[in-house]
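Single-letter residue listing:
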Amino acid sequence: RLGEAKVSGGHIVGVDDGGGALDIGRMMLSQAIVMAHGGRAISDGLGKYLLRDGRGPDIKSFVEWAGSLPAERRHLLIAGLATSVDAAASEGEAQARAILDEATYHMMSTVNSCLSQFDCKRLPNPIPVALVGGVLRGSSYLRQSVISRLVSQVGPVEDRTVDRHVLKACAQIGFSLIGES
């Protein structure tokens, strides 16, 4: 019915949000562990982003850094890796792009799941889809990848920035309409 809303995403830190920052950080960390165990070096393109801010001079040190994170902040710090992966992908780094392509797949699965809950034949075109979150801001590689996939699946997409205060107010109205706080 018109006025209906569907919500999906990572509202709770520590709960896996396929394609979100925590998921991207976990994918990067998993690859780093495999590389460190196999004695492989990280590429220069990805390394210049991941091996900064005290994360270590090499991939082994990076993995040790991740292992030493305080439990109460671990999820936030791992999710923080997503912006580094996105920056490297924006510069063409292949490993970072592969991670974000997988994240795009997961995000599109979420979008398709939400859209399947609507009677799309009765809804006005276009159907609004909000892409929000730190790694989806601006012209990030991930944002452009998701928009490109949306265009290929549903047709033309209007990409515009919405003030976060307006977006928060819309979310609060939407939640009140569906009876959630």
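Residues numbered from 1 in each chain as written. Predicted model: local features only at pLDDT ≥ 70, side-chain atom pairs only at ≥ 80, totals over all residues. Heavy atoms only, no water.

Undergrad: What should I look at first to understand the overall build of the chain in this one?
TA: Secondary structure assignment for the chain yields eight helices and zero strands. Along the chain, helices (α) and strands (β) appear in the sequence α-α-α-α-α-α-α-α when read from the amino end. Out of the 181 residues belonging to the chain, those deemed buried represent 34%. In the chain, the proportion of contacts linking residues at least 24 apart, taken out of those at least 6 apart, comes to 66%. Accessible surface, the chain as shown: approximately 11,100 Å² in total, 53% of it carbon and sulfur. (Helix = DSSP H or I, 4+ residues; strand = E, 2+ residues; numbered from the N terminus. Buried < 20%, exposed > 50% of the residue type's maximum accessible area, 1.4 Å probe, protein only. Contact = heavy atoms within 4.5 Å. Areas by Shrake-Rupley, 256 points an atom, 1.4 Å probe, with all protein chains shown as cover.)

Undergrad: Got a minute to help me understand helix α6 (residues 94-115) in this structure?
TA: Residues three or four positions apart in an α-helix share a direction because the helix packs 3.6 residues into each turn. Taking 1.5 Å as the rise per residue, α6 with 22 residues should run 32 Å; its terminal C-alpha atoms sit 31 Å apart, in good agreement. Considering only its buried residues, α6 is in contact with α1 (21-37), α2 (44-50), α5 (81-90) and α7 (141-154). Between the side-chain oxygen of the N-cap and the backbone nitrogen of Q95 there are 2.9 Å, and the N-cap of α6 in question is E93. (Expected span 1.5 Å × (residues − 1). Polar contact = N/O pair within 3.5 Å; in protein donor to acceptor, adjacent residues only side chain to side chain.)

Undergrad: For this particular structure, what's the right way to read the confidence of the model for the chain?
TA: Close reading of the predicted structure is inappropriate where its pLDDT is low. Here the chain shows a mean pLDDT of 77. Residues at 70 or above account for 77%. Across the chain, the secondary-structure element scoring lowest on mean pLDDT is helix α8 (residues 164-177), at 70, and the one scoring highest is α5, at 90. A low-confidence stretch, residues 8-15 stays under pLDDT 50, and its non-local contacts, those more than four residues away or across chains, total 11 contacts. (pLDDT = per-residue confidence, 0-100.)

Undergrad: Is there a simple way to think about the packing of α6 against α7 in this case?
TA: Two quantities define a packed helix pair, namely the angle between the helix axes and the distance between the axes. Here α6 crosses α7 at 45°, and the two axes come no closer than 9 Å. It follows from the interaxial angle that α6 and α7 lie oblique. Viewed along their axes, α6 and α7 form a crossing whose handedness is right-handed. Contacts from R97, L100, D101, A103, T104, Y105, M107, M108, V111 and N112 of α6 reach α7 at Y141, L142, S145, V146, R149, L150 and Q153. (Axes fitted to C-alpha atoms, helices over the stretch in contact; angles between N-to-C directions. Parallel < 35°, antiparallel > 145°, perpendicular 65-115°, else oblique. Left-handed = near helix turned anticlockwise from the far one by under 90°.)

Undergrad: Even after reading the chapter, I still don't get the pattern of salt bridges, so can you show me in this structure?
TA: Side-chain pairing between opposite charges can occur once the charged atoms of the two side chains come close. Applying the stated rule across the entire model yields two salt bridges. As a salt-bridge pair, K48 and E91 come within 3.0 Å of each other at their nearest N and O atoms. Linking K48 in helix α2 with E91 in the loop between α5 and α6, this pair joins segments that are 43 residues apart in sequence. For K48, a relative accessible area of 48% translates into the label partly exposed. Here E91 falls in the exposed class, since its relative accessible area comes to 51%. (Salt bridge = Lys/Arg side-chain N within 4 Å of Asp/Glu carboxyl O.)

Undergrad: How do you make sense of the packing of α1 against α5 when you look at a structure like this?
TA: Packing of α1 against α5 leaves a shortest axis separation of 8 Å and a crossing angle of 75°. In terms of orientation, α1 lies roughly perpendicular with respect to α5. Touching A21, I24, G25 and M28 of α1 are L81, A82 and V85, all from α5. In terms of residue class, the contact of α1 with α5 is built from six nonpolar, one polar and no charged. (Nonpolar A, V, L, I, M, F, W, Y, C, P; charged D, E, K, R; others polar.)

Undergrad: Whenever I open this one, a nonpolar patch on the surface confuses me. Can you help?
TA: A cluster of nonpolar residues, V151, V154 and V157, forms a patch on the protein surface that exposes about 210 Å² of accessible area. Locating V157 in the fold gives a position in the loop between α7 and α8. (Patch = residues over 30% accessible without salt bridge, like charges linked within 9 Å, V, L, I, M, F, W, Y side chains within 5 Å.)

Undergrad: Honestly, α7 in this entry has me stumped. Any pointers?
TA: Compared with an ideal rise of 1.5 Å per residue, which puts 14 residues at 20 Å, α7 spans 20 Å between its outermost C-alpha atoms and is within 8% of the ideal. For α7, the set of buried residues is Y141, L142, R143, S145, V146, I147 and L150. Summarising the contacts, the buried residues of α7 are in contact with α1, α5 and α6. Downstream of α7 by one or two residues, G155 has phi in the positive range, about 100°.

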